[in-house]
Amino acid sequence: MEKIFILDTTLRDGEQTPGVALSADEKLKIAKALEKLRVDAIEAGFPASSSGDFDAVKLVAGEIEYSTVVALARTVPDDIEKAGQALERAKKARIHTFIATSPVHMQYKLKKTSDEVLKIAVEAIKLAMEYTDEVEFSPEDASRSEIPFLLEIIHAVVEAGARVINIPDTVGYSTPDEFASLVEKVKDCVSCMDNVRVSVHCHNDLGMAVANSLAAAKKGARQIECTVNGIGERAGNAALEEIVMAIKTREDFFNYYTEINTKQIYPVSRLVSHLTGIPVQPNKAIVGKNAFRHQAGIHQDGILKKTTTYEIITPSSIGLEQSELVMGKLSGRHAFKDRLSTLGFTLEGEELENCFDAFKKLSEKKKEVFDEDLILIVEEHTVRIPQVFILDYIHTVTGNKILPTATVRIRKGDKLYQEAACGDGPIDAAYKAIDRICKLELSLLDYSIQAVTRGKDALGEVTVKVKRGDNLVSGRGSSTDIIEASAKAYINAINRFLYRYVKEKEYESYTG
Ligand code: KIV
Ligand code: ZN
């Protein structure tokens, strides 16, 4: 069996999802989870795009040992130098440089001839090789490029030293047969050169990103670029979990393997969803809430008789253990830590204490504490976003014949602030009261709620998206009480907004 290398670009292309902006700390958290997942390469960001991204790539590069850390750069000297600098401390580093090769991109976006593009690409590879041993090249919009020019530029960059040739279907335009045949031509073009790996990077505009990637693998692609939960620019990228589980489940057909520790798929999916604020659709393959649920009576009957009647993969193979009653009020710290470690979280010190306290509080309110509850606790209590505002108390009055009102008390430092407001419903009233205390004038763009576990006392998880000017952030909160979860999510978004977008002077007026 041949190996398929997995390059995860959640932290770069995934971060290009509208509304997603990860802090350096959050990127590091995801990078560590990806390393545990055993991805071969982590594309950590685009250092020249902002000083924040430069710092994030630098932070990730200094901490990751197993996976190659990749930094994206246009074929512009300044981009390449920044990528090289950000990767300085990486154990294994790669610069990934790209320039568009399709007629429409070259003529209208770059305003350059194909000869000029080829020359720029070769120079960029030579410069990148001064910084890292491994250099990857992408002819952007490859699937809409003219094949003779595409092969010519690939040949030239490989001669200049590129060791990974990535074929992007940048706008998700291709179809499996067509894309596979393109990759076959590229493979033939570089086959005379040693150690050149052909890679693919597919977008999902027509819903074919995973199919295109797998078809390309059949014709010689040995690296697949993908993102957790398939997040990314527009309709997203090929989903890592779908690629990996297809290769594993249909080993008989593909005859390939990946190094991925599939038991980490579910925890990583949850973490990415939590930190990006992008919920996973319930019917999403592999990691969706319904992926292992059986509704029809005939299916349930079949599953009870033999699971393989309707289940082609087991929940435990992706780290989704049968939701068990794990612990209750009397469970100790040791058992708690142990269970978290089975779920893929290694916690120590303050983080462990905070999570344990939250677990104790939850077990007072909730009879049954499931694995999903524990995952949510970890997600909520292990990211270091300064908690400028903390919900202390919320009381709402509502009904079909009265004006809904909310009283909210919020802690800021050692002071408590209280406000009341009326609204169109209890949540609207609560948000107005919170706005009066926090004075940030954010507008609420999106609100969604879902039950995380089973039963009437299930934890409700609320996700909100808020905006001020061009800046958008998401927030999440959970509780057995959906109004409290809604208030927590909104306050979480406010704290994230302060952390990311509010300048120090203005920030002091909130923290002061
Ligand atoms: O989609 C694309 O073409 C890209 C390149 C930068 C690889 O993301
Ligand atoms: Zn892309």
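This report concerns the structure included in the present document. Please read all numbers here as calculations on a predicted model, not as lab measurements.

## A few points about the site of ligand 1
Right, so step 1: In the neighbourhood of ligand 1, the contacting residues comprise Arg12, Asp13, His96, Phe98, Ser138, Glu140, Asn166, Pro168, Thr170, His201 and His203.
Right, so step 2: Interatomic distance of 3.0 Å between a side-chain N/O atom of Arg12 and an oxygen atom of ligand 1.
Right, so step 3: With respect to ligand 1, the side chain of Thr170 contributes an N or O atom lying 2.6 Å from an oxygen atom.
Right, so step 4: Bound to the protein, ligand 1 loses 94% of the 260 Å² it would expose on its own.

## Notes on the sheet that holds strand 16 (residues 471-479)
Right, so step 1: Pairing is antiparallel in the open sheet, where 3 strands are placed in the order 14-15-16. Looking at which strands have only one partner, the edges of the open sheet turn out to be strand 14 (443-451) and strand 16. Adjacent strand axes in the sheet meet at a mean angle of 15°, parallel and antiparallel pairs treated alike.
Right, so step 2: Judged from the 8 bridges that link them, strand 14 and strand 15 (residues 460-468) form a sheet pairing that is antiparallel. By the bridge assignment, Gln450 is partnered in strand 15 with Glu461.

## Notes on the side chain of Asn166
Right, so step 1: When you line up the elements, Asn166 lands in strand 7 (residues 164-169).
Right, so step 2: For Asn166, a relative accessible area of 0% puts it in the buried group.
Right, so step 3: A distance of 3.4 Å separates a polar side-chain atom of Asn166 from the backbone nitrogen of Val200.
Right, so step 4: A distance of 3.3 Å separates polar atoms of two side chains, one belonging to Asn166 and the other to Glu225.

## Things to note about the packing of aromatic side chains
When we look at a pair of aromatic rings, we describe it by the centre distance and by the angle of the planes.
Right, so step 1: Counted under the stated rule, the structure contains 7 aromatic pairs.
Right, so step 2: Between the aromatic rings of Phe46 and Phe98, the centroid separation amounts to 6.4 Å while the plane-to-plane angle is 75°, which identifies the pairing as edge-to-face. Of this pair, Phe46 sits in the loop between strand 3 (41-45) and helix 2 (51-63) while Phe98 sits in strand 5 (residues 93-100), placing them 52 residues apart in sequence.
Right, so step 3: On the basis of relative accessible area, Phe98 is assigned to the buried category, the value being 17%.
Right, so step 4: An aromatic cluster of three or more residues is present, and its members are Phe253, Phe254 and Tyr256.
Right, so step 5: Stacked on the ring of Tyr66, the Lys or Arg Lys92 has its end atom at 5.5 Å from the ring centre.
Right, so step 6: When the ring centre of Tyr393 is taken as reference, the NZ or CZ atom of Arg409 above it lies at 4.8 Å.

## Considerations on the coordination of the zinc ion (ligand 2)
Right, so step 1: All of the protein donors around the zinc ion (ligand 2) are Asp13 (OD), His201 (NE2) and His203 (NE2); their distances to the metal are 2.0 to 2.1 Å.
Right, so step 2: Counting along the primary sequence, the residues that act as donors to the zinc ion (ligand 2) give the motif D-x187-H-x1-H. Remark: His203 occurs in the loop between strand 8 (197-202) and helix 8 (209-218) and Asp13 occurs in the loop between strand 2 (5-8) and helix 1 (24-37); sequence separation between them is 190 residues.
Right, so step 3: Take Asp13: its relative accessible area is 2%, and that puts it in the buried class.
Right, so step 4: Judged by relative accessible area, His203 falls into the buried class, the value being 4%.

## Re unusual backbone geometry
Right, so step 1: Notably, Asn229 is not glycine yet its phi reads approximately 65°, a positive angle.
Right, so step 2: Along the chain, the position of Asn229 falls in the loop between strand 9 (223-226) and helix 9 (240-249).
Right, so step 3: A positive phi angle is found at Glu441, which is not glycine, with a value near 50°.
Right, so step 4: Within the fold, Glu441 resides in the loop between helix 16 (426-438) and strand 14.
Right, so step 5: By relative accessible area, which is 71% here, Glu441 ends up exposed.

Each value, and the rule that gives it
- Residues numbered from 1 in each chain as written.
- Chains lettered and ligands numbered in written order.
- Predicted model: local features only at pLDDT ≥ 70, side-chain atom pairs only at ≥ 80, totals over all residues.
- Heavy atoms only, no water.
- Near = heavy atom within 4 Å.
- Polar contact = N/O pair within 3.5 Å; in protein donor to acceptor, adjacent residues only side chain to side chain.
- Areas by Shrake-Rupley, 256 points an atom, 1.4 Å probe, with all protein chains shown as cover.
- Pairing = 2+ DSSP bridges.
- Helix = DSSP H or I, 4+ residues; strand = E, 2+ residues; numbered from the N terminus.
- Axes fitted to C-alpha atoms, helices over the stretch in contact; angles between N-to-C directions.
- Buried < 20%, exposed > 50% of the residue type's maximum accessible area, 1.4 Å probe, protein only.
- Phe/Tyr/Trp six-rings, centres within 6.5 Å; stacked < 30°, edge-to-face > 60°.
- Lys NZ or Arg CZ within 6 Å of the ring centre and 35° of its normal.
- Donors = N, O, S within 2.8 Å, 3.2 Å for Na, K, Ca; no water.

The values reported here are purely geometric and, on their own, carry no functional implication.
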